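Below, each chain spelled out in residue letters.
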Amino acid sequence: MIFILNKEPDKRRLNVAMLMYLILMILFYGIYVSLESDRIAQSQQWTSGGSISDQAIESMSQLGKWTSITESLFLILFILVMIMMITRYRSNVGRLLPFALWNVALFVGVGAVSLVGSQVTSMSIGNLAQPIVVPAFLLAALFIYVVWGLMKRG
């Protein structure tokens, strides 16, 4: 994403940087889903067995911790890239529209995976869609900023 900070990034480098960003976001989301699925499966297994050992509690706690870390990485990456884009294109807010549309596509994809995943697995749609809740609100604010910037400029 460092290419975005150049004075005149060409379209090809910007597309490569956005593709790298999307791959990282999808990777973080996949890790989050995997960890959350394991955590829920283990908790169901332990609660059906009666008593829970201290080791089982520690293991469940570690899975919850790593799930939260992965969700935070998803949010941090989104915020950092959004700040870089706003900083780079504050004088030409129309250039922020492709970034916003890429993220809309990503979030719609995550929503679709969440919907299908909730039907196929024991995970709820809320657990699956949790990483995109805060970024979705920030993305809505970005759209408002872009529209305001375009109206102010035009």
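Since this is a predicted model, take the numbers as computed values, not measurements.

Contact geometry of helix 1 (residues 11–48) with helix 3 (residues 97–120) gives a least axis separation of 11 Å together with a crossing angle of 25°. Between helix 1 and helix 3, the angle is such that the two are roughly parallel. Regarding helix 1 and helix 3, the two cross each other, and that crossing is right-handed. Residues Met18, Tyr21, Leu22, Met25, Ile26 and Tyr29 of helix 1 lie in contact with helix 3, whose contacting residues are Phe99, Trp102, Asn103, Leu106, Val110, Val113 and Ser114. A per-class count over the contact of helix 1 with helix 3 returns 11 nonpolar, two polar and no charged.

Tracing the backbone through its elements, the reader meets Thr70 in helix 2 (residues 54–88). When sequence neighbours within four positions are dropped, the list of residues in contact with Thr70 reads Phe28, Ile31, Tyr32 and Leu35.

Right, let's get into the nonpolar core. Across soluble globular proteins, you tend to see nonpolar side chains buried next to one another. If you look at the biggest cluster of nonpolar residues, it comprises 29 residues, and the most contacted ones within it are Tyr21, Phe78, Phe99 and Leu142. Broken down by secondary-structure element, the contributors of at least two residues to this core are helix 1, helix 2, helix 3, helix 4 (125–129) and helix 5 (133–153). In terms of residue count, helix 1 provides more of this core than any other element does, eight residues in total. Not counting residues within four places of it along the chain, the set of residues in contact with Phe99 comprises Met18, Tyr21, Phe78, Val81, Met82, Met85 and Leu142.

When you line up the elements, Gly111 lands in helix 3. Sequence spacing of Gly111 and Ile125 is 14 residues, and the spatial spacing of their C-alpha atoms is 8.5 Å.

The terminal C-alpha atoms of helix 2, which comprises 35 residues, lie 51 Å apart, in line with the 51 Å expected from a rise of 1.5 Å per residue. Along helix 2, the residues classified as buried are Ala56, Leu63, Thr67, Thr70, Phe74, Leu77, Phe78, Val81, Met82 and Met85. On its buried face, helix 2 sits against helix 1, helix 3 and helix 5.

Turning our eyes to something else, we now look at the environment of Ser68. Following the sequence through the fold, Ser68 ends up in helix 2. Linking Ser68 and Tyr32, residues 36 residues apart in sequence, is a C-alpha distance of 8.1 Å.

Further remarks concern helix 3. Relative to the 34 Å expected for 24 residues at 1.5 Å per residue, helix 3 spans 34 Å between its end C-alpha atoms, a close match to the ideal helical length. Every buried residue belonging to helix 3 is among Phe99, Ala100, Asn103, Leu106, Phe107, Val110, Ser114, Gly117 and Ser118, and all of these are buried. Packing partners of the buried residues in helix 3 comprise helix 1, helix 2, helix 4 and helix 5.

Turning to a nonpolar patch on the surface, a few remarks are in order. Among the surface-exposed residues, Leu97, Leu101, Val104 and Val108 lie close enough to one another that they form a single nonpolar patch of about 310 Å² accessible area. Within the fold, Val108 resides in helix 3.

Here we take up the packing of helix 3 against helix 5. The contact between helix 3 and helix 5 brings their axes to 10 Å, and the two run at 150°. Relative to helix 5, the element helix 3 is oriented roughly antiparallel. In this structure, helix 3 crosses over helix 5, and the sense of that crossing is left-handed. In contact with Leu97, Phe99, Ala100, Leu101, Asn103, Val104 and Phe107 of helix 3, helix 5 contributes Pro135, Ala136, Leu139, Leu142, Phe143 and Val146.

What counts, and at which threshold
Residues numbered from 1 in each chain as written. Predicted model: local features only at pLDDT ≥ 70, side-chain atom pairs only at ≥ 80, totals over all residues. Heavy atoms only, no water. Axes fitted to C-alpha atoms, helices over the stretch in contact; angles between N-to-C directions. Helix = DSSP H or I, 4+ residues; strand = E, 2+ residues; numbered from the N terminus. Parallel < 35°, antiparallel > 145°, perpendicular 65-115°, else oblique. Left-handed = near helix turned anticlockwise from the far one by under 90°. Contact = heavy atoms within 4.5 Å. Nonpolar A, V, L, I, M, F, W, Y, C, P; charged D, E, K, R; others polar. Core = buried A, V, L, I, M, F, W, Y, C linked by side-chain atoms within 4.5 Å. Buried < 20%, exposed > 50% of the residue type's maximum accessible area, 1.4 Å probe, protein only. Expected span 1.5 Å × (residues − 1). Patch = residues over 30% accessible without salt bridge, like charges linked within 9 Å, V, L, I, M, F, W, Y side chains within 5 Å. Areas by Shrake-Rupley, 256 points an atom, 1.4 Å probe, with all protein chains shown as cover. Salt bridge = Lys/Arg side-chain N within 4 Å of Asp/Glu carboxyl O.

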